[in-house]
Amino acid sequence: MQDAILRKLFLGFIQIHILHHAAKAPFYGAWMIEELAHHGYDISAGTLYPILHNLEKADLLQTEKQVVEGKTRKYYCITEEGRQTLAAAKEKIAELTHEL
């Protein structure tokens, strides 16, 4: 039971992390897997891409296709709704961090 709760909490952290990086610059999925690994999240493509698609469906991310070395790569960018959501999340994180 505790593992399931931690997984849900970490999923929220991952989503905020994704929005944070999307606000800085467009990124592609494989890069995000590596970035999350630097922060201790062992996440597979099979886990990441559904998260990205859900954030896209929620209008928090949008995609752009770019050709890189002859291959089409999908880059994820934050939307205005995503920026507003990230700002609200940062406020709550700051409040919680201060309380802890």
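Residues numbered from 1 in each chain as written. Predicted model: local features only at pLDDT ≥ 70, side-chain atom pairs only at ≥ 80, totals over all residues. Heavy atoms only, no water.

Novice: Explain the overall build of the chain here, please?
Specialist: Scanning the chain from N- to C-terminus turns up four helices and three strands. In terms of its C-alpha atoms, the chain occupies a principal-axis envelope of roughly 50 × 30 × 25 Å. Put simply, the chain has 100 residues, and 27% of those count as buried. Here the analysis covers contacts within the chain between residues at least 6 apart in sequence; of these, 44% occur between residues at least 24 apart. (Helix = DSSP H or I, 4+ residues; strand = E, 2+ residues; numbered from the N terminus. Buried < 20%, exposed > 50% of the residue type's maximum accessible area, 1.4 Å probe, protein only. Contact = heavy atoms within 4.5 Å.)

Novice: Even after reading the chapter, I still don't get the layout of surface pockets, so can you show me in this structure?
Specialist: Empty space among the atoms can be located by rolling a probe the size of a water molecule over them. Counted as a void, the largest pocket has a volume near 230 Å³. The wall of the largest pocket is formed by R7, F10, L11, I14, Y41, D42, I43, S44, T47 and I51. Among the elements of the structure, helix 1 (2–24) and helix 3 (45–57) are those that each provide at least two residues to the lining of the largest pocket. Sorting elements by how many residues they give to the lining of the largest pocket places helix 1 first, with four residues. Split by residue class, the lining of the largest pocket holds six nonpolar, two polar and two charged. (1 Å grid on protein atoms, 1.4 Å probe; cavity = no way out; pocket = protein on both sides within 12 Å on 5 of 7 lines; lining within 4 Å. Points joined across faces, edges and corners; volume = space filled by probe spheres on them. Nonpolar A, V, L, I, M, F, W, Y, C, P; charged D, E, K, R; others polar.)

Novice: I'm lost on unusual backbone geometry in this one. Help?
Specialist: Of note in the backbone geometry, D59 takes a positive phi value of approximately 65° without being a glycine. Positionally, D59 belongs in the loop between helix 3 and strand 2 (61–68). Residue D59 is classed as partly exposed on the basis of its relative accessible area of 45%. Positive phi, close to 50°, is recorded for E69, a residue that is not glycine.

Novice: Sorry if this is basic, but what is going on with the sheet that holds strand 3 (residues 71–78) here?
Specialist: What links the strands of a sheet is backbone hydrogen bonding, and the strands pair in either a parallel or an antiparallel sense. Within the open sheet, the three strands sit side by side as 1-3-2. Their pairing is antiparallel. Edge positions in the sheet fall to strand 1 (27–28) and strand 2, since each of these pairs with one other strand and no more. Pairing analysis gives eight bridges linking strand 2 to strand 3, with the strands arranged antiparallel. Each residue of the ladder has a partner; that of V67, found in strand 3, is T72. (Pairing = 2+ DSSP bridges.)

Novice: How should the nonpolar core be read in this particular structure?
Specialist: Across soluble globular proteins, nonpolar side chains show a tendency to be buried alongside one another. By size, the foremost hydrophobic cluster in this structure holds 18 residues, and its most contacted members are I14, I18, F27, L36, L48, L52 and L61. Those elements that provide at least two residues to this core are helix 1, helix 2 (29–38), helix 3 and strand 3. In this view, L48 contacts I18, G29, M32, I33, L36 and I43; residues no more than four positions away in its chain are not counted. (Core = buried A, V, L, I, M, F, W, Y, C linked by side-chain atoms within 4.5 Å.)

Novice: Even after reading the chapter, I still don't get the side chain of H17, so can you show me in this structure?
Specialist: Within the secondary structure, H17 sits in helix 1. Owing to a relative accessible area of 15%, H17 belongs among the buried residues under this scheme. With residues up to four places along the chain from it excluded, the contact list for H17 reads E35, L36 and H39.

Novice: Looking at this structure, how should I read the pairing of strand 3?
Specialist: For a regular strand, the rule is simple: side chains alternate between the two faces of the sheet. Of the pairings in the sheet, the one linking strand 1 to strand 3 comprises two bridges and is antiparallel in character. If you follow F27 over to strand 3, its bridge partner there is Y76.

This is a description of form; function is not addressed.
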